[in-house]
Structures are given as structure tokens and as C-alpha cells.
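Residues per chain are reported as follows:
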Amino acid sequence: MNTIKAYIKDNKNRFIDELIELLKIPSISADAAFNKEILLSADFVKKSLEKAGCDKVELCDTPGNPIIYGEKIIDKNLPTVLVYGHYDVQPADPIELWTSPPFEPVIKKTEIHPEGAIFARGSCDDKGQMYMHVKALEYMTSTGNLPCNVKFMIEGEEEVGSESLSWFVPRNKEKLANDVILISDTGMIANDIPSITTGLRGLSYVEVEITGPNRDLHSGLYGGAVANPINILTKMIASLHDENNHITIPGFYDNVEELSTEERSEMAKAPFSLEDYKAALAIDDVYGENGFTTNERNAIRPTLDVNGIWGGYIGEGAKTVIASKAYAKISMRLVPNQDWKEITKLFKKHFESIAPKSVKVKVTPHHGGQGYVTPIDNIGYKSASKAYQTTFNKTPIPQRSGGSIPIVALFEQELKSKTILMGFGLNSDAIHSPDEHFGVWNYLKGIETIPYFYQYFTELSSTENQ
Ligand code: BES
Ligand code: MN
Ligand code: MN
């Protein structure tokens, strides 16, 4: 299959240009003002799968944004790979912090990406990584190198909780039946240290509202005599961690899996420089739960973080006021075995219980999802590992990630299949941030590596079935 290299060389510029066209569409799922762009993006994906050689491509209506389903079935007796990805993107704000406009993709060289990186919202998360699969498919179908069946399911609500996909999957189990699910929506350690993601954290996302007096008050006339919702809210939030940075919600850690000393020392073997980590973020020190390393803190330990907080006067100058309400958005990253619905309940109960009588508390759950861990002794993982060995000349390191793709646990539950997470992004690619980018080298390396996964998976499936 050496021809993949040649194919990429011949088509490289077109591959980049096509992705740039897709990145120009601001398909922001969080904001209804971009509904038209969501549809344009879905249509782009549909046409691209048709061009890449799918026999059947459908735009599937859902209660929310459409899901694109495509397939090429070459032989019912061969294994089937189901590719999942998302065409929706995060909002671009704060827009003023971008060095080039988020939906006008440009290629710029960076220290980490000397061959250039495409700067645009969605370049790495996930349009760029999803499109690698479309181009790998194009290669395989156009050169007679597709060794098995393939199905694609590309959704448009991942960044807002995949509600429509949770509706779609149980209703289309037969259509989506597969032997393995393949996703590129995570990262790897570095371009010379390939890794395969073996775990994702779960998530519970809640919004809280504290109400004090029934109207905003003069902070002189009333200050000191009534509860200030902002003071109270910040105090309540501060109490959610103790002096060891443990979360204080009763029962929060009940189901957290404790890793053995061996498992932890295995994890610690992954290359990691704390100095580089701090330098990349311009921080003098890291911060987190006592007793755990930085990698452990964001892979095997649960967390609680305020994502946004507001209330009161934030305009120019000074206004003396005690606001009637204060708000915060809080996310809890969970580890496998912690049930996100249970954790949401525990949070609500605890948060309501710690509020003084002088305020009212409202806790509104948003979305959530279960964490995921995948074993490495299955043929899916082995095929991915061999694929990286072929194109990177190195054995990839299994690594749990701190991020979440809640739908992966649902896939396992509904479709009974394992997911292999072959991510080609880097942590420094600034996903969800201003100046998100995706290395051109990474994009092309992904396209090069994916066909080998298909080849090895097909080979290993047939030896296993003998
Ligand atoms: N692709 C990311 C998740 C990710 C990124 C996992 C890097 C591992 C490494 C995905 O698009 C995402 O942003 N997920 C959200 C959760 C979702 C429910 C909004 C997240 O992790 O915050
Ligand atoms: Mn993503
Ligand atoms: Mn994302």
C-alpha cells in the first residue's frame, strides 16, 4: 500500500483546498443564528462522501441538526468499520484574540508546525480530522485498496451534547451495525511521539443561579444587611474544593476507580516534561489535587471547574449596586464508573444544602455523558497500533485523555462495539480557543495512516475468525 504516499503527494494541494472550503462555513451549533451554515456544512459533507466513493449517502433528519450517513459495502462477509466525526464547531469568541479571522482559513508556520498549520475554527476539532477519513476513503476506493466495508456517521451537535445522535443511534442500530468504530477527534502526544487515546472522561455540566433580593439594590443603603448573591455564590463555589483540592460534594468519589501502583507507574512512563508544560501555558506552577501528577490529574481523576460566572455591574466605570442575581456555569469531568446523572443529582443536593437561607438557589443541569476506557488487547487497538508503526516508525503509546466525547459510551451500550480513537491533533493546537489550528503534516499523516488501519483490521479479523 505504498501508493498512499504517492497519492497524497499528487493530491496534497487539493486535499488542503477542499478542507479550507469546509472551514470557511461557520457551522456553530451553539448558536441558532448559524442554522443555515449548519445545513451548508452538512451538505458539504454529504457531497464529499459521494465524491469519495460511498454507494449510498443520506442526509438524515433529526429533531436537531442533520446527521450524514454514508456507506460502501463491498462484501457482507467482510468486517465493517464505522467512522464517526462531527461537522459542527465551537463558537469563535473571543474573536478579537484571533490573529486571523476564524472562518478565513490561512496556513501559517509555527514552531511546532514548521511545515505550516491551517488556522481556523474547526480545523482540528473536528472538521480537519473528520475530513482525513473522507480523503483516506477516496484513496482506498479510487485505487482499489478498500479492504472491507465502511460506514460514515457525521453529526452536527457534538459541541452541544449530541442530543440528536442519542436519538438517532438507538433507532438505527441495524443501519449502524459494525465491527469497530473509528474516530479522529482527540490528540496525540507529539508529532514524534504518536499515541492512541484509550480513555475519555465523562461530563456533567450544570448552571447555577443565586437569587437574593427581588431587585438590584443600592450597595450603600442595603449593603451589609442583605445577602449579596455574588458574594454568596463565590463563597459557595470556593467551598466545593478543600485545602487538598479534593471536591467536597458528599459521595462524589464513591465510584471513582483507584488505579493500582502498577497502572500508575505504567502511565508515568509516557514522555512528559513539566517544564515544557508550564512554559507552553506561561504559568509558574501547576495546580490540582494533592497526591496526583499532572497527567493523572487530567486523565484518571475527576474535576470541578467554573466555566463562566456573571452578575452585577460590568460596564464602564463604577456603579454601586448589589445585584439581585448571580450565575455560574460549572463542569465536572468524570472518570469511568462515575454515573453522570448520579453526580448531577449529588451536585444539586449539595449545592442547595450549602446556601444560606437568605438566598434562593436554582441548579439547572445541561448535558453530560459517561466516560470511557478501552482495553488494548483487542484487534481494533492492535490494528491502530500497527498502522502507526507503519507510518510513524514508532509504537504508539496508549494514553487516557482528559476530554470528553460522551457519545462513545452510548455507542458501546447501543451498538456493542469498541471505539478506537486515532487522534492526530496536538494539545497546543488550541481547540475551543482563539487561533485553533491543525498541522498540515498532521492532516496528511492522518490520511496516510488511516488506510493501514483498515488493512490490518481486515487481516486481523480474518485470522481471529479462523
Ligand atoms: N474533540 C473534543 C473532545 C476531545 C478533544 C477529547 C481532545 C480528547 C482530546 C470534543 O469536540 C469536545 O470538545 N467535547 C466536549 C464535550 C461535549 C459534550 C461538549 C468537551 O470535552 O468539552
Ligand atoms: Mn471534537
Ligand atoms: Mn470540541
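1. With respect to the state of the cysteines
Next up, step 1: The full count for this structure, using the stated rule, is zero disulfides.
Next up, step 2: Residue Cys60 stays outside any disulfide, its sulfur separated by 12 Å from that of Cys54, the closest cysteine.
Next up, step 3: Free of any disulfide, Cys148 has its nearest neighbouring cysteine sulfur in Cys54, separated by 12 Å.
Next up, step 4: You can call Cys148 buried: its relative accessible area is 0%.

2. Overview of the sheet that holds strand 4 (residues 106-108)
Next up, step 1: Strand order in the open sheet made by the three strands is 4-5-18, with antiparallel pairing throughout. At either end of the open sheet lies a strand with only one pairing partner, and these are strand 4 and strand 18 (437-439). Across this sheet, the average inter-strand angle for adjacent strands is 30°, counted without regard to direction.
Next up, step 2: Pairing between strand 5 (residues 117-119) and strand 18: three bridges, direction antiparallel. Within strand 18, the residue paired with Ala117 across the bridge is Gly439.

3. Comments concerning helix 5 (residues 229-238)
Next up, step 1: Of the residues making up helix 5, those classed as buried are Pro229, Ile232, Leu233, Met236 and Ile237. Taken end-on, helix 5 shows its buried residues confined to a sector of 130°, consistent with a single buried face. Turned more than 90 degrees away from the buried face of helix 5 sit Lys235 and Ala238, all of them exposed.
Next up, step 2: In this structure, the buried residues of helix 5 make contact with strand 9 (202-211), strand 11 (303-311), strand 12 (321-322), strand 13 (325-334), helix 9 (340-353) and strand 14 (360-369).
Next up, step 3: Sitting at the head of helix 5, Asn228 places a side-chain oxygen 2.8 Å from the backbone nitrogen of Ile230.

4. Focus: the coordination of the manganese ion (ligand 3)
Next up, step 1: Protein ligation of the manganese ion (ligand 3) involves Asp125 (OD), Glu159 (OE), Glu159 (OE) and His432 (NE2), the donor distances falling in the range 2.1 to 2.5 Å.
Next up, step 2: For the manganese ion (ligand 3), the six donor atoms are set out with angles of 56 to 156° between them, so the coordination reads as irregular.
Next up, step 3: Sequence spacing of the donor residues for the manganese ion (ligand 3), all on one chain, is D-x33-E-x272-H.
Next up, step 4: Between the manganese ion (ligand 3) and the manganese ion (ligand 2) the interatomic distance amounts to 3.6 Å, and Asp125 serves as a bridging ligand to the pair. Linking Asp125 in the loop between strand 5 and helix 3 (127-142) with Glu159 in the loop between strand 6 (149-155) and helix 4 (163-171), this pair joins segments that are 34 residues apart in sequence.

5. Observations regarding the coordination of the manganese ion (ligand 2)
Next up, step 1: Donor atoms from the polypeptide that bind the manganese ion (ligand 2) are His86 (NE2), Asp125 (OD), Asp185 (OD) and Asp185 (OD), placed at 2.0 to 2.4 Å.
Next up, step 2: For the manganese ion (ligand 2), the six donor atoms are set out with angles of 56 to 167° between them, so the coordination reads as irregular.
Next up, step 3: Donor residues for the manganese ion (ligand 2) sit on one chain with the sequence pattern H-x38-D-x59-D.
Next up, step 4: Overall, Asp185 belongs to the buried group, its relative accessible area being 12%.

6. Digging into the environment of Asp254
Next up, step 1: Turning to its location among the elements, Asp254 is positioned in the loop between helix 5 and helix 6 (261-267).
Next up, step 2: Judged by its relative accessible area of 63%, Asp254 falls in the exposed class.

7. Description of unusual backbone geometry
Next up, step 1: For the bond from Asp93 to Pro94, the omega torsion is 5°, close enough to zero to count as cis.
Next up, step 2: Among the structural elements, Pro94 can be located in the loop between strand 3 (80-86) and strand 4.
Next up, step 3: The omega angle of the peptide bond from Asp125 to Asp126 is 0°, so this bond is cis rather than trans.
Next up, step 4: On the secondary structure map, Asp126 appears in the loop between strand 5 and helix 3.

8. Comments concerning the packing of helix 2 (residues 35-51) against helix 3
Next up, step 1: Where helix 2 meets helix 3, the axes come as close as 10 Å, and the angle between the chain directions of the two elements is 20°. Here helix 3 runs roughly parallel to helix 2, going by the angle between their axes. Across the interface between the two elements, Ser41, Phe44, Val45, Ser48 and Leu49 of helix 2 pack against Lys127, Met130, Tyr131, Val134 and Leu137 of helix 3.
Next up, step 2: For the contact of helix 2 with helix 3, the per-class residue count stands at seven nonpolar, two polar and one charged.

9. Side note on empty space enclosed by the protein
Next up, step 1: Under the definition given, this model contains one cavity of 30 Å³ or more.
Next up, step 2: Of the volumes computed, that of the largest cavity is approximately 40 Å³.
Next up, step 3: Glu257, Glu258, Leu259, Arg264, Phe292, Ile300 and Arg301 are the residues that line the largest cavity.
Next up, step 4: Classifying every residue of the lining of the largest cavity by side-chain character gives three nonpolar, no polar and four charged.

10. Here we look at the domain arrangement of the chain
Next up, step 1: Entries for the chain in the domain assignment read domain 1 (4-200 + 371-465) and domain 2 (202-256 + 302-369).
Next up, step 2: Summarising the inter-unit geometry, the C-alpha centres of domain 1 and domain 2 are found 36 Å apart.
Next up, step 3: Between domain 1 and domain 2, the residue contacts involve eleven residues of the former and seven residues of the latter.
Next up, step 4: Taken together, both faces of the contact between domain 1 and domain 2 bury some 630 Å²; the carbon and sulfur share is 56%.
Next up, step 5: If you sort the residues of domain 1 by the area they bury against domain 2, Gly371, Ser404 and Pro406 come out on top, with a joint share of 55%.
Next up, step 6: The interface formed by domain 1 and domain 2 includes zero salt bridges.
Next up, step 7: Taken together, domain 1 and domain 2 are joined by one residue pair in polar contact (both at pLDDT 80 or more).
Next up, step 8: Partitioned by chemical class, the residues of the side of domain 1 that touches domain 2 number five nonpolar, five polar and one charged.

Conventions and cut-offs
The written sequence of each chain sets the order in which its residues are numbered from 1. Here the convention is simple: chains get letters from A, ligands get numbers from 1, in the order in which they are written. Totals for whole chains, interfaces and linings use all residues, but because this is a predicted model, local features are given only for residues with pLDDT of at least 70 and pairs of side-chain atoms are given and counted only at 80 or more. Excluded from the side-chain calculations are hydrogens and water; all other atoms, namely the structure's heavy atoms, are used. Counting rule for disulfides: a pair of cysteine sulfur atoms within 2.5 Å. Buried means the residue's accessible area, taken with a 1.4 Å probe over protein chains only, is under 20% of the maximum for its type, while exposed means over 50%, and partly exposed covers the values in between. We call two strands paired when DSSP finds no fewer than two bridges between them. Put simply, DSSP marks the helices as runs of H or I at least four residues long and the strands as runs of E at least two long, and each gets a number from the N terminus on. In this analysis, axes come from line fits to C-alpha atoms, helices being fitted only over the stretch in contact, and the angle between any two N-to-C directions falls in the range 0 to 180 degrees. Here the arc refers to the set of directions running from the helix axis out to each C-beta atom. Any pair of residues with heavy atoms lying within 4.5 Å of one another is described as a contacting pair. Contacts described as polar in this section are N or O atom pairs within 3.5 Å, which, within protein, must combine one atom able to donate a hydrogen with one able to accept it, while residues neighboring in sequence count only if both atoms come from side chains. Distances decide who is a donor: an N, O or S atom must be within 2.8 Å of the metal, or within 3.2 Å for Na, K and Ca. Water is not included, so sites may look incomplete. Metal sites are grouped by the angles between bound donors: all angles between 85 and 135 degrees with four donors is tetrahedral, opposite donors over 155 degrees apart with the others between 65 and 115 is square planar for four donors and octahedral for six, and any other pattern is irregular. Note on angle classes: values under 35 degrees are labelled roughly parallel, values over 145 roughly antiparallel, values of 65 to 115 roughly perpendicular, and the remainder oblique. The residue classification treats Ala, Val, Leu, Ile, Met, Phe, Trp, Tyr, Cys and Pro as nonpolar and Asp, Glu, Lys and Arg as charged. All others, Gly included, are polar. As defined here, a cavity is a set of points on a 1 Å grid over the protein atoms alone where a 1.4 Å probe fits but cannot get out. A pocket is an open set with protein on both sides within 12 Å along at least five of seven lines, and residues line them when an atom is within 4 Å of a point. Grid points are joined across faces, edges and corners, and a volume is the space filled by probe spheres set on the points. Here the bounds of each domain stem from an automatic or database domain assignment. Reported buried area values correspond to the accessible surface (1.4 Å probe) lost by two parts on association, with both partners' losses combined. Think of a salt bridge as a Lys or Arg side-chain nitrogen and an Asp or Glu carboxyl oxygen that are within 4 Å of each other.

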